[in-house]
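Structural overview
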Amino acid sequence: MEDAQALLAERDQVEARIAELTQRLQTQPAGVRESLIDREGFPRADVPDLAQVRRDRHELACLYTDHRVLSKQLEERLWTIHEHARETNSVSPGNPRANGSGSVQTSTQEPTASLLAA
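Residues numbered from 1 in each chain as written. Predicted model: local features only at pLDDT ≥ 70, side-chain atom pairs only at ≥ 80, totals over all residues. Heavy atoms only, no water.

Considering the overall build of the chain
Keep this limit in mind: Secondary structure elements are taken from DSSP: a helix is a run of H or I of four residues or more, a strand is a run of E of two residues or more, and numbering for both begins at the N terminus. Residue exposure (1.4 Å probe, protein chains only): buried if accessible area is under 20% of the type maximum, exposed if over 50%, otherwise partly exposed. In this analysis, two residues are considered to be in contact whenever any of their non-hydrogen atoms come within 4.5 Å of each other. Only the protein chains shown count as cover for residues, and the accessible areas themselves come from Shrake-Rupley with a 1.4 Å probe.
Summing up its helical and strand segments, the chain has three helices and zero strands in all. The secondary structure elements of the chain, listed N-terminal to C-terminal, are α-α-α. Classification of the 118 residues of the chain by burial places 17% in the buried group. Within the chain, contacts between residues separated by at least 24 positions form 54% of all contacts whose residues are at least 6 apart in sequence. Per element, the accessible surface of the chain, about 9,100 Å² overall, is 54% carbon and sulfur.

Below is the structure:
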């Protein structure tokens, strides 16, 4: 479970960096995907720091790959956690209503009746 949380935290960091780079690139005239050269094949004159835009785009491409890999690892880990929980019929800490038999205990009272009884 801890490794899934670590993967999730790492993926969140990657997503934050992706958002940061995307925002920075969107302030540039060339944006995230527009060409960095003009029709004649010369570097665009309206892009102040062409090298930085190229570095940011490269880092963004790498981060998208990292995000895809982390998401796949997280998915596999979550499948393993749920498979293990099903095999052992264990109660997950996030679901206190589960009774260990795989079914969920339900209350026979109406929600408002339980509020009035309290």
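Continuing now.
A word on the side chain of Arg 44
Just so we agree on the cut-off: Under this definition, polar contacts are N or O atom pairs within 3.5 Å; protein pairs additionally need one hydrogen-donor-capable and one acceptor-capable atom, and for neighbouring residues in sequence, both atoms have to be side-chain atoms.
Checked against the element boundaries, Arg 44 lands in the loop between α1 (2–26) and α2 (50–88). At a separation of 3.1 Å, a polar atom in the side chain of Arg 44 contacts the main-chain carbonyl oxygen of Ser 35. Not counting the four nearest positions on each side in its chain, Arg 44 is found in contact with Pro 29, Ala 30, Glu 34, Ser 35, Leu 36, Ile 37 and Asp 38.

So, the pattern of salt bridges
Pairing is possible between side chains of opposite charge, provided their charged atoms come close. Where we set the bar: Throughout this description, the term salt bridge denotes a Lys or Arg side-chain nitrogen within 4 Å of a carboxyl oxygen of Asp or Glu.
Taken as a whole and judged by the stated rule, the model has eight salt bridges. One salt bridge in this structure joins Glu 15 and Arg 11, with 3.8 Å as the shortest N-O distance. Taken together, the positions of Glu 15 and Arg 11, both in helix α1 and four residues apart, correspond to about one turn of that helix. Judged by its relative accessible area of 32%, Glu 15 falls in the partly exposed class. Residue Arg 17 pairs with Glu 59 through a salt bridge whose shortest N-O separation is 2.8 Å.

A short note on the packing of α1 against α2
How two helices sit against one another is set out by the angle between their axes and by the gap between those axes. How we decide: For every element, the axis is a line fit to its C-alpha atoms; helices are fit only across the contacting stretch, and the angle between N-to-C directions ranges from 0 to 180 degrees. The scheme is simple: roughly parallel for angles under 35 degrees, roughly antiparallel for over 145, roughly perpendicular for 65 to 115, oblique for anything else. Rotating anticlockwise by less than a right angle from the far helix to the near helix defines a left-handed crossing, while the corresponding clockwise rotation defines a right-handed one. Gly counts as polar in this scheme, as do all residues outside two lists: the nonpolar Ala, Val, Leu, Ile, Met, Phe, Trp, Tyr, Cys and Pro, and the charged Asp, Glu, Lys and Arg.
Contact geometry for α1 and α2: axes closest at 9 Å, N-to-C directions at 155°. As summarised for this structure, α1 and α2 are arranged roughly antiparallel, according to the angle between their axes. The two elements α1 and α2 cross, and the hand of that crossing is left-handed. Partitioning the contact of α1 with α2 into residue classes produces 14 nonpolar, five polar and 10 charged.

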